[in-house]
Amino acid sequence: MATKETLIIIGNGMVGHHLVEQLIEAGALSRFEVTVFGEERHRAYDRVHLSEYFTGRDAESLALCDANYYAQNGVTLRSGEKVNEIDRAAKAVMTDSGRYAFDHLVLATGSFPFVPPIEGRDRPGCLVYRTLDDLDAIRDAAQSATNGVVVGGGLLGLEAANALRGLNLDTAVVEFAPRLMPMQVDREGGELLKEKIESLGVQVLTERATQRIEEGEQSRLRMVFQDDKVLETDLIVFSAGIRPQDALARDCGLEIGERGGVVIDDHCRTSDPAIFAVGEVALWNQSIFGLVAPGYQMAKVAASTLTGGDARFGGADMSTKLKLLGVDVGAIGDAHGERTPGARMFRYLDPLTQLYRKLVVSSDGKKLLGAMLVGDNGVYDTLLQYYANGIELPREPASLILPQQSSSAPALGPGALPATAMICSCHNVTKAGICSALDAGAQDLAGVKGATKASTGCGGCATLLKSVVDFELEARGVEVDTSLCEHFAYTRQALYDIVRVEGIKTFSELMEKHGKPGHGLGCDICKPTVSSILASCFNEPIMDAAHVPLQDTNDTFMANMQKNGTYSVVPRIAGGEITPEKLVVLGQVAQKFDLYTKITGGQRIDLFGARLEDLPAIWGELIAAGFETGHAYGKSLRTVKSCVGSTWCRYGVQDSVGMAIALEHRYKGLRAPHKIKFGVSGCTRECAEAQSKDIGIIATENGWNLYVCGNGGMRPRHAELFATDLDDEALYRTIDRFLMFYVRTADRLQRTATWRENLDGGLDYLKEVILEDSLGLGDELERQMQTLIERYECEWANALSDPEKLKRFRSFVNDERPDPSIIMTTERGQLRPA
């Protein structure tokens, strides 16, 4: 057997991991003995979504592969082992653990955060934002802090600011330049971006140079600026840019750029032909590429070169589409219009809706050279295709950035895209690549994703990818199946209409009349979907015998199952208002049943660790104290968050608590395609964070402003202003119509934000339907909602009243003993799963 060549990869970030994937895919492990050194203790993780670490994701969920991926494929991964030196003459690398020889070496060391040379930058509480360990340090420091400052107002700085804000710190951003994100936006865009971010409660200080950091008087630290003004804070996060991690390359004598970075050629080779460099450490044609997509392209080129191919790296488009602190920002090509003589510019600015769009076009108006977007990236994908593929612009280029109702620009559909159009920049997948995958046998979207990896990176191309796949399937004579599942040849919306019009009240009747013959009794897709539809139409108890078989585990037992098989119980605390007597009851119930207690972000108290057989007893005590189910387990209204409003706050202009309680009781139990959250703020200071909710209400001197279609989660979206200065009755009426229209028309498991994005006509169309009653549905939608309100019944109380329903609440069908596999331990004075 021939001896394998030794390949060492230094760096186990996203690009280094992608190189490993490319080598495995190319069958190179039969030729190379591959060892990967990762300085971090974690294996490769998704740094693009790093900020989600503060919103519930952990290192394992961010990991780019299974724990055994490397070993299964014959790759040695040495996590937490830093390479200290490269001996080029001996072809070896040295770590604290030993010396390792190589035939080929790849530097994928990435970059490190730049910390300005400010006196006092090493004080306790001065941190950086780059790795999971950095985020752990920030979270630990935030536990004893009330405020924090981010130094740097670029992309990374605003991500860090969002993280501090998510840790409930009063947050400020300090930027040396005259505006935020100076590389991406111009003066007008920067002013609007600042305005939007400040409206979220984040202080923005531009044109501020920090001279020194010293001990504070009111807080731990004090920042002293160039004009001797000061800002006190408990925590400082430096996120002022990155620098290539090229120390190893410098020390071993590789060619380094004047401003850093390991010089590479088109094949990603360094000045030493045995050594390659990829990602943010690599300098190609005097450029460092700080995005993941160019790094992935370099990884593919390096893998090709190592395996005898001739792939070349020819640079990369640095266009970006971002959502920072819930604010859309997009930059395409020459967004500032500085690189092309004679370029012409079109600008659209709407200060009321806080929308800014800018086009940079050629002198003859036929080609798009660049674009800038702040406030809404809805036209980003279309503009990117015009730019990337040199598609001739419409006769009136400005029509591409004007509001929809005034725009006469032709739609740029999948058919207008050339074969070279880049669909997924993360994995370099073109329209031609998608067509090739379909020609090779891929039969649907999942098949294309599997063959090309398109939309498996940042996910920003998901909508465009689906439209291209559907278009190409139809062009090949393949009917695109929009069936809910194999049991029903209808969409969720069509099934909803069938149920409502025909008055069908059970799954079995619907299956008999409209299901596909011979396809069994339903599945995990159609059963909960139909259950939700039936509840949205008739609001019968989900525990009734006809409906129970349709529920998932959480709905079946009306509590959320946790990782160890126990359940969490969440009673409704409308508007976050609770009496001391009820607080005592919650404490007594938690003590009696050994439950872990936590105050949630939705102003409720969650009781964890309830055993299945104890659920009825817990509910009974809570109901006796005046509580009812909070529907935390259902795709329904969850919470209505509120500040204290005019009742207590000196800034409040309306009774936000009273309104929140009224709304929560009005819509409690409403079943919908996905969960729904409300927020009510008593003034524009927005303490209830209403603009991040599906329904957000902010008090004005004249009534209430209504915002719709916001959400948190894995893809946060800022809510949009829908109506202003509504009185109470008008507010109820508008929300009634909005929610019922959403329930009628949304797809299964579709949040309101995604639903609004997919509606033809978008927000303007919604306003026409809801506010102007353009479809003549207003009265009907209101009647439907009133019917659901009148039929509300607490599901916990319903179950307790029926002995047959209570028989389900035991761990074993033929044994009333509790589940012996549930083992608990103690942490911070409370029980948790062992």
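All of these numbers come straight from a predicted model, not from anything done at the bench.

Thresholds applied
Residues numbered from 1 in each chain as written. Predicted model: local features only at pLDDT ≥ 70, side-chain atom pairs only at ≥ 80, totals over all residues. Heavy atoms only, no water. Helix = DSSP H or I, 4+ residues; strand = E, 2+ residues; numbered from the N terminus. Rg over C-alpha atoms; globule rule 2.2 N^0.38 Å. Areas by Shrake-Rupley, 256 points an atom, 1.4 Å probe, with all protein chains shown as cover. Lys, Arg positive; Asp, Glu negative; His and termini not counted. Charge placed at Lys NZ, Arg CZ, Asp CG, Glu CD. Expected span 1.5 Å × (residues − 1). Buried < 20%, exposed > 50% of the residue type's maximum accessible area, 1.4 Å probe, protein only. Core = buried A, V, L, I, M, F, W, Y, C linked by side-chain atoms within 4.5 Å. Contact = heavy atoms within 4.5 Å. pLDDT = per-residue confidence, 0-100. Salt bridge = Lys/Arg side-chain N within 4 Å of Asp/Glu carboxyl O. 1 Å grid on protein atoms, 1.4 Å probe; cavity = no way out; pocket = protein on both sides within 12 Å on 5 of 7 lines; lining within 4 Å. Points joined across faces, edges and corners; volume = space filled by probe spheres on them. Nonpolar A, V, L, I, M, F, W, Y, C, P; charged D, E, K, R; others polar. Phe/Tyr/Trp six-rings, centres within 6.5 Å; stacked < 30°, edge-to-face > 60°. Pairing = 2+ DSSP bridges. Axes fitted to C-alpha atoms, helices over the stretch in contact; angles between N-to-C directions. Polar contact = N/O pair within 3.5 Å; in protein donor to acceptor, adjacent residues only side chain to side chain. Parallel < 35°, antiparallel > 145°, perpendicular 65-115°, else oblique. Left-handed = near helix turned anticlockwise from the far one by under 90°.

With that settled, consider the overall build of the protein chain. What the protein chain contains, in helices and strands, is 26 helices and 38 strands. Taking 28 Å as the expected radius of gyration for a compact globule of 834 residues, we find that the protein chain reaches 29 Å, a close match to that expectation. Over its C-alpha atoms, taken along the principal directions, the protein chain stretches across nearly 80 × 70 × 65 Å. Accessible surface, the protein chain as shown: approximately 37,300 Å² in total, 48% of it carbon and sulfur. In the protein chain, which carries 88 positive and 113 negative side-chain charges, the distance between the mean positions of the two groups comes to 1 Å.

Moving on, we get to helix 1 (residues 14-25). With 12 residues, helix 1 extends 16 Å between its outermost C-alpha atoms, agreeing within 8% with the 16 Å of an ideal straight helix rising 1.5 Å per residue. With 10 of 12 residues buried, helix 1 lies mostly within the body of the structure.

Ile9 and Val93 are the most contacted members of the largest nonpolar core, which totals 88 residues. Ranked by the residues each element gives to this core, the list is headed by helix 8 (residues 292-306), at eight residues. Other than its neighbours up to four places away in sequence, Ile9 contacts Leu19, Val20, Leu23, Val34, Thr35, Val36, Phe37, Val106 and Ala108. Counting 61 residues, the second largest nonpolar core, distinct from the first, contains Val530, Tyr667, Val708 and Phe741.

Moving on: the confidence of the model for the protein chain. Looking at the protein chain, pLDDT values average 89 and 96% of them are 70 or higher. Scored below 50 in pLDDT, residues 405-410 makes nine contacts in the model with residues more than four places away or belonging to other chains.

With that settled, consider the pattern of salt bridges. Counted under the stated rule, the structure contains 46 salt bridges. Here Arg500 ties to Asp497 by a salt bridge, and the two come within 3.7 Å at their closest N and O atoms. Residue Arg500 and its partner Asp497 are located together in helix 13 (residues 492-502), separated by three residues, close to a single helical turn. On the basis of relative accessible area, Arg500 is assigned to the partly exposed category, the value being 28%. Bridged by salt links that share partners, the residues Arg212, Glu214, Glu217, Arg222 and Glu232 form one connected network.

A water-sized probe rolled over the atoms picks out the places where empty space is left. One pass over the full model with this rule turns up three cavities of 30 Å³ or more. There is about 60 Å³ of room inside the largest cavity. Taken together, Asn539, Glu540, Pro541, His631, Gly669, Arg791, Tyr792, Glu793 and Glu795 make up the lining of the largest cavity. When grouped by side-chain class, the residues that make up the lining of the largest cavity number two nonpolar, three polar and four charged. By volume, the second largest cavity amounts to about 50 Å³. Forming the boundary of the second largest cavity are Ser531, Leu534, Ala535, Phe538, Glu540, Ile542 and His547.

Taken as a whole, this structure holds 17 aromatic pairs when the rule is applied. Measuring from centroid to centroid gives 5.3 Å for Trp619 and Phe809, while their planes differ by 85°, and the two rings are edge-to-face. Of the two residues, Trp619 sits in helix 18 (residues 615-624) while Phe809 sits in the loop between helix 26 (803-806) and strand 37 (824-827), which places them 190 residues apart along the sequence. As far as the burial class goes, Trp619 and Phe809 line up, both buried. An aromatic cluster of three or more residues is present, and its members are Phe722, Phe738, Phe741, Tyr742, Trp755 and Tyr765.

For the rest of this paragraph, the subject is the sheet that holds strand 2 (residues 32-38). What the five strands build is an open sheet, ordered 3-2-1-7-19; its pairing is parallel. Single-partner strands in this sheet number two, and they are strand 3 (76-79) and strand 19 (275-277). The average angle at which neighbouring strand axes cross in this sheet is 15°, direction not considered. In this structure, strand 1 (residues 5-10) lies alongside strand 7 (residues 104-107), joined through four bridges in parallel fashion. Bridge pairing in strand 7 places Ile8 opposite Leu105. Against the sheet, helix 8 contacts strand 1, strand 2, strand 7 and strand 19, and its axis sits at roughly 160° relative to strand 19.

This next bit is on the side chain of Asn12. For Asn12, the position within the fold is in the loop between strand 1 and helix 1. At 2.9 Å, the side chain of Asn12 and the backbone nitrogen of Ala44 are in polar contact. A polar atom in the side chain of Asn12 sits 2.8 Å from the side chain of Tyr70.

What follows covers the layout of surface pockets. Of the voids in this model, the second largest pocket is the one considered here, and its volume is about 290 Å³. Around the second largest pocket, the lining comprises 19 residues; the ones closest to its centre are Pro528, Thr529, Ser532, Lys635 and Leu749. Take the lining of the second largest pocket: its biggest share by element is five residues, from helix 15 (residues 526-538). Each residue belonging to the lining of the second largest pocket can be placed in one class, and the counts come to eight nonpolar, four polar and seven charged.

All right, on to the pairing of strand 13 (residues 210-215) then. In this sheet, strand 14 (residues 221-225) lies alongside strand 13 in antiparallel orientation, the contact comprising five bridges. The residue of strand 14 that forms the bridge with Glu214 is Arg222. Hairpin connection, strand 13 to strand 14: the antiparallel pair is bridged by five residues.

The antiparallel open sheet is built from three strands, whose spatial order is 13-14-15. Among the strands making up the open sheet, the edge pair consists of strand 13 and strand 15 (230-233). Taking the axes of each pair of neighbouring strands and ignoring which way they run, one obtains an average angle of 20° across the sheet.

What follows deals with the environment of Leu19. One can find Leu19 in helix 1. Residue class for Leu19 comes out buried when judged on its relative accessible area of 0%. Residues contacting Leu19, with those up to four places away along its chain left out, are Ile9, Val106, Ala299, Ala302 and Ala303.

On to the packing of helix 13 against helix 15. Put simply, helix 13 and helix 15 touch, their axes get as near as 10 Å, and they point 45° apart. Classified by the angle between their axes, helix 13 and helix 15 sit oblique to one another. Considering only the axes of helix 13 and helix 15, their crossing is right-handed. Residues Arg492, Leu495, Tyr496, Val499 and Arg500 of helix 13 form the contact with helix 15, whose own contacting residues are Thr529, Ile533, Leu534, Ser536, Cys537 and Phe538. Within the contact of helix 13 with helix 15, the residues separate by chemical class into seven nonpolar, two polar and two charged.

This part takes up the packing of helix 1 against helix 8. It is at 8 Å that the axes of helix 1 and helix 8 come closest, and there the two elements cross at 35°. Two packed elements cross with a definite hand, and for helix 1 against helix 8 that hand is right-handed. Residues Met14, Val15, His18, Leu19, Gln22 and Leu23 of helix 1 form the contact with helix 8, whose own contacting residues are Val292, Gly295, Tyr296, Ala299, Lys300, Ala302, Ala303 and Leu306.

What follows covers the pairing of strand 30 (residues 596-599). Sheet analysis places strand 30 next to strand 31 (residues 605-610), joined by four bridges and oriented antiparallel. Note that in strand 31 the partner of Ile599 across the bridge is Ile605. Connecting strand 30 to the antiparallel partner strand 31 that follows it, the hairpin turn spans five residues, and Gln603 within it adopts a positive phi of roughly 60°.

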